[in-house]
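So you can see what is in the structure, the chains are spelled out below.
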Amino acid sequence: MNALTEKTMRFYCYATAVFLLSLFGGGSAVFAQPEGKEVAAPSAEMLALDQELAQAQTDTSRIRILLALQEAAYSYTYTYQLKSYSQLLLSLLSSKSPPELFFQAHYHLALSEWRIKSYDSAFYHIYLCDSFSRFLGPSFSFKAKHLMGVIYAALDKQEEAEKTLEQVIEMGKSMGPFEQNLVLHAYNVLGNQSAVHGQLFKASTYYLGMLEAAEGMENKEPLLSGSINLAGIYLDLALPDQVFGYADEALCLASVNLDYKRMARAHHLQAEAWALLDSLQLARRYADKALAFALKLPKEHTLHASMYHLLGKYEQATGNFEKALSLQNTALEELKKPYGRIIHLSDWETLANIRLALNEVYREKKLPHLALIQLDSAFLIAKKLENAQMLAAIHRGYARSYVKVNNFEEAYQHEVLATEMDKQNHALKNHHLIEQMQLKYTSLKKDQLITQLEAKNLKEEAKRSQSINERNYLIISFLFSVFLFSIFIYFLQQKRKKENIIGRQQLELQKLRIDDLLNEQATHNLSAMLDGQEKERKRIALELHDRMGSLLAMVKLHVEEDSKQSLELVDQAILEIRRISHNLASGTLMDFGLITALAELKKMVEVNGKVIFELNTFKIDRRFPSHIETNLYRIIQELVNNSLKHADPDKITLSITRREDAISMIYEDNGRGFDLERAQKEAGLGLWNIYQRVSKIQGNWHLNTQIGKGMEAILEIPLQEEQNL
């Protein structure tokens, strides 16, 4: 068998394998795409081309069909299929084949290797493409350099990536519409690369260049992406005005196509910007909007986790640590939802931030041991990510947590480590600032050199023609005027944007004030209603006691002596009227004070022997003001009624302590408990009355319960100085 026959046989075997995989491989390796469009089976166009390839008789026709298959695989983002066709095309080429075909084969091989993250192999093929492009013209060189710069960025070779992609941007100025898309991609890659290395000013320059290049294009995706990225950069630079401007632009662009992910991101950035301005109410409002859009994407669990983490931070900032703890735990659950554990590298930083937030919450809740556990987890992640800034925050958290457990030696060591890492971070920031200054200095020197050359040319031109000098002078004057006018317009726009932001903030605060006034009026009305109820209870109690009680007593005197059953019924009626009168007016409370009234309540609860009522009083040597005694008694009465009616306890404990400036009440039962969050949402009449009476006496109220674990209520009532006399 000669060499030509052997080559033909190898081709037929390879082509047959590719065709069979295309025909039956809906789940095969060829179509098991790691990224891009997920298609269950190859298109009819590709199947037809595969059949035509298997029947082709000459290398020329095979090459023609393979080129068509390459384009089809590239369009449908079949990465492994593209690699197979490119390798097959390369095997058919010889030294006499046109260089365009070698370029095509190696370019698509580099593209497919880059997509599957085999960067070394991708760089080898794109290097060969760059060599062939020297014989083919600028458009081929442009494509090769673009992909080479992207691969450099993937390999984290920042200097090489910047040099190559900036050449692409310069070359793209003289290219057509297709090349402009690659220019926009080059700007985006350079911006992302600079942001990853902490060079925020440089990243903003590239993103601004991307927006300028995308202006006027039909495809609005680059404008949306650039606006989102710029808003994020300006947030890191603590420039909230710029964040609002670009986040608003991104929100408008994303709303056109209902891009909920970008809309959530835009509101997230606005929330962080309001937080920079210390407007936590507005920050929380925009964070709620961000979460609402994120929840429209059920599979975006990482996005959900970021939003819940953000809301948890704002709850923590306002002192609502229970809610903050619940939100941070929800964020952890969202991260683990897709696979039951965290597997993506991008999720680890989010996990570390959640652990840091949980550490702060547990520390505020005076649970230092739980806080240290969260820090241990965050430390391992930050060390793996080599995030110096996060490590500094973790060491500072260790220091504060060890102080809580009186381990001052460990606290001191971690504080020293945090200080050292802060110095390193500060030095790194200074290094980036020095780089920025060096870049500006180099640019200034270039400008000065250009100015000197222009001056020399002007002198030479002046010698040749005075008229040219005059024209140049007019042009320079005109450009300077345009420059000054542009500066004026820019500052005017910035002023208007600032005024709009201030107006928007004032409008939001005015709405909040109106809501506060409405709540205050509702509280006032309720207080009046409760006072009216109390007066009406006293009136009815007096009527029952003075009139009905006296009347029944007279009836008893006139009943005949042998009517024993009638006398018993009259006695029972008198006792019942006294009980009703006591419940309505709390006569014992009015005459003898709170403690005596509570002792009577204890006897009534224990009358059937099913419940033990333990009453403890401390340092109560005189009576409280009447409105405090009345409201406190009604609150305790409502708690007891709720326990007996719903919780089925066998023991109730009530402790009341008088301090110099306050009254403390702790009420506990060992009943079945209830769902506190659900009860607060439904707001039953009994719980609602308790809240309003607590508000009326300006008390601080805390309710703690779980299903199956009983209930605990704590009430602090402040006392004025004159009330302690």
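Before any of the text, the structure's been laid out above.
As the structure is a computational prediction, the values presented were derived from the model and not from experiment.

Trainee: I keep staring at the sheet that holds strand E3 (residues 662–669) and nothing clicks. Help me out?
Mentor: Note on sheets: strands pair through backbone hydrogen bonds, and any given pair is parallel or antiparallel. Taking strand neighbours across the sheet as the criterion, the 5 strands line up as E1-E2-E3-E5-E4 in an open arrangement whose pairing is mixed. Only two strands of the sheet have a single neighbouring strand rather than two, namely strand E1 (612–618) and strand E4 (700–705). Each strand of the sheet is rotated relative to its neighbour by a mean of 10 degrees, with strand direction disregarded. Note that E1 and strand E2 (residues 651–658) share 7 bridges and pair parallel. Bridge pairing in E2 places Ile-612 opposite Lys-651.

Trainee: Looking at this structure, how should I read the packing of helix H15 (residues 301–317) against helix H16 (residues 321–336)?
Mentor: At their nearest, the axes of H15 and H16 sit 8 Å apart, and the two run at 165 degrees to each other. With respect to H16, the axis of H15 lies roughly antiparallel. For the element pair H15 and H16, the recorded crossing hand is left-handed. Facing His-301, Thr-302, His-304, Ala-305, Tyr-308, His-309, Leu-311, Gly-312, Lys-313, Glu-315 and Gln-316 of H15, the residues of H16 in contact are Phe-321, Lys-323, Ala-324, Leu-327, Gln-328, Thr-330, Ala-331, Glu-334 and Leu-335. A breakdown of the residues in the contact of H15 with H16 according to their chemical character gives 8 nonpolar, 8 polar and 4 charged.

Trainee: Sorry if this is basic, but what is going on with the packing of aromatic side chains here?
Mentor: Note on aromatic pairs: each is described by the distance of the centres and the angle between the planes. Here the structure, examined in full by the defined rule, presents 11 aromatic pairs. Taken together, a centroid distance of 5.4 Å and an interplanar angle of 15 degrees make the contact between Phe-102 and Phe-132 stacked. One end of the pair, Phe-102, is in helix H5 (residues 99–115); the other, Phe-132, is in helix H6 (residues 119–133), and 30 residues separate them in sequence. Residue Phe-132 is classed as partly exposed on the basis of its relative accessible area of 22%. Among the aromatic side chains, those forming a connected cluster through ring pairs are Phe-103, Tyr-107 and Phe-140. The ring centre of Tyr-107 lies 4.5 Å from the NZ or CZ of Lys-143, which sits over that ring. Directly above the ring of Tyr-260 sits Lys-296, whose terminal nitrogen or CZ lies 5.5 Å from the centroid.

Trainee: In this structure, what is going on with the environment of Gly-191? I would like to understand it.
Mentor: Here Gly-191 lies in helix H9 (residues 177–196). Each C-alpha atom, one on Gly-191 and one on Asn-229, is 8.4 Å from the other, the two residues being 38 residues apart in sequence. In contact with Gly-191, other than residues within four places in its own chain, are Ala-203, Tyr-206 and Tyr-207.

Trainee: Teacher, can you tell me more about the environment of Leu-615 here?
Mentor: With respect to the helices, strands and loops of the structure, Leu-615 is situated in strand E1. Judged by relative accessible area, Leu-615 falls into the partly exposed class, the value being 21%. Setting aside residues no more than four positions away along its own chain, Leu-615 makes contact with Leu-598, Ala-599, Lys-602 and Leu-654.

Trainee: I tried to follow unusual backbone geometry on my own but got confused; where do I start?
Mentor: Excluding glycine, most residues fall at negative phi; most peptide bonds, likewise, are trans. In the Ramachandran plot, Asp-156 falls in the positive-phi region, its phi being about 60 degrees despite a non-glycine side chain. Here Asp-156 shows up in the loop between helix H7 (138–154) and helix H8 (158–172). Given the relative accessible area of 48%, Asp-156 is considered partly exposed. A positive phi angle is found at Ala-238, which is not glycine, with a value near 60 degrees. Tracing the chain through its elements places Ala-238 in the loop between helix H11 (221–236) and helix H12 (240–256).

Conventions and cut-offs
Residues numbered from 1 in each chain as written. Predicted model: local features only at pLDDT ≥ 70, side-chain atom pairs only at ≥ 80, totals over all residues. Heavy atoms only, no water. Pairing = 2+ DSSP bridges. Helix = DSSP H or I, 4+ residues; strand = E, 2+ residues; numbered from the N terminus. Axes fitted to C-alpha atoms, helices over the stretch in contact; angles between N-to-C directions. Parallel < 35°, antiparallel > 145°, perpendicular 65-115°, else oblique. Left-handed = near helix turned anticlockwise from the far one by under 90°. Contact = heavy atoms within 4.5 Å. Nonpolar A, V, L, I, M, F, W, Y, C, P; charged D, E, K, R; others polar. Phe/Tyr/Trp six-rings, centres within 6.5 Å; stacked < 30°, edge-to-face > 60°. Buried < 20%, exposed > 50% of the residue type's maximum accessible area, 1.4 Å probe, protein only. Lys NZ or Arg CZ within 6 Å of the ring centre and 35° of its normal.

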